[in-house]
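# Understanding the architecture of this molecule
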Amino acid sequence: MVNSETAYAKINLALHVRNRLPNGYHELETIFAFLDAGDLISVQPGDGVTLEISGPFAEGLSTSDNLVVEAARRLVEKSNVTRGARLRLDKRLPVASGIGGGSADAAATLRLLNRFWGLDHDVAALAEIAKPLGADVPACVISQTCSGTGIGQDLARIADDDLRQCTALLVNPLVPVSTAAIFAAWDGIDRGALGSGPVITVARNGRNDLQKPAIALVPILADVLHMLEQCEPVVARMSGSGATCFALFDSPAQAKNAETRCRKAMDGIWTLIGKIR
């Protein structure tokens, strides 16, 4: 048994915010896609549920007030589990960065413990268990290209053969961004629904309605996006509520060249290259 699971980095190829809801969430339409890289969750037998955190972005993270622990405890509750788990999070992705982060960690924890404890929940059942953990967690459980509506939890798999030929470059200026602050800064204007057609066409013709308010709060994002657009990608955009921006390229070599250009042009950035899974 493999006692580890990757928490795959998430990108929003497009994110159309349609309406503010009374419960504080927003009605939206999005396309989730996932890279073949991310944080790593591992598990060993233990008493109760415990968590250790290491890695380049571990500093300041709580080992008790953490979505990994919440996910494990929810699975215990929903599955009448009597065994424990000693979990370790290798935090490789920046925190508060619009690429899944804690949501992907929680989702990976559910997949890992489902296997480790021999629970045999299918992916759909795990996604349902994940719903109270956060708007993005069910999509991160699936970790395959899908559309999301409602608050992002009404999910449908979509054909992505064209997308999986692409290599993604992620660039983050290492400025944490508050999701709540970015959504609060959205101007409330519904600019219309996602289009239809092949997923890359939909992505190209789409938008991220949070990109403009995020740039207003974190101006360096405009520089990151400008730099990526100079590299002639298939599409470049901010992911989620930021601050990570992404660009899709037709080949790994193009993505690597773009990463080199970005690192020469901008100091103190974080980058990641990965294939769409």
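This write-up is about the structure you can find in this document.

Cut-offs applied
- Residues numbered from 1 in each chain as written.
- Predicted model: local features only at pLDDT ≥ 70, side-chain atom pairs only at ≥ 80, totals over all residues.
- Heavy atoms only, no water.
- Helix = DSSP H or I, 4+ residues; strand = E, 2+ residues; numbered from the N terminus.
- Rg over C-alpha atoms; globule rule 2.2 N^0.38 Å.
- Buried < 20%, exposed > 50% of the residue type's maximum accessible area, 1.4 Å probe, protein only.
- Arc of directions from axis to C-beta.
- Contact = heavy atoms within 4.5 Å.
- Pairing = 2+ DSSP bridges.
- Axes fitted to C-alpha atoms, helices over the stretch in contact; angles between N-to-C directions.

Helix and strand counts for the protein stand at nine helices and 10 strands. Taking 277 residues into account, the globule formula puts the C-alpha radius of gyration at 19 Å, and the protein, at 18 Å, falls close to it. Along the longest, intermediate and shortest principal axes, the C-alpha atoms of the protein span 55 × 40 × 35 Å. When the 277 residues of the protein are sorted by exposure, 53% land in the buried category.

This brings us to helix α3 (residues 123-130). Taken as a whole, α3 has its buried residues at Leu 126, Ala 127, Ile 129 and Ala 130. For α3, the buried positions fall inside an angular range of 160° around the axis, keeping them on one side. Structurally, α3 contributes buried residues whose contacts are with α1 (67-79), α2 (102-116) and α4 (137-142).

Right, let's get into the sheet that holds strand β10 (residues 270-275). Ordered in space as β8-β9-β7-β10, the four strands form an open sheet in which the pairing is antiparallel. The outermost strands of the open sheet, each flanked by one partner alone, are β8 (235-238) and β10. Looking at each pair of strands side by side, their axes are set apart by 15° on average, direction ignored. As paired elements, strand β7 (residues 167-172) and strand β9 (residues 245-249) share five bridges and run antiparallel to each other. Looking across to β9, one finds that Ala 168 is bridged to Leu 248.

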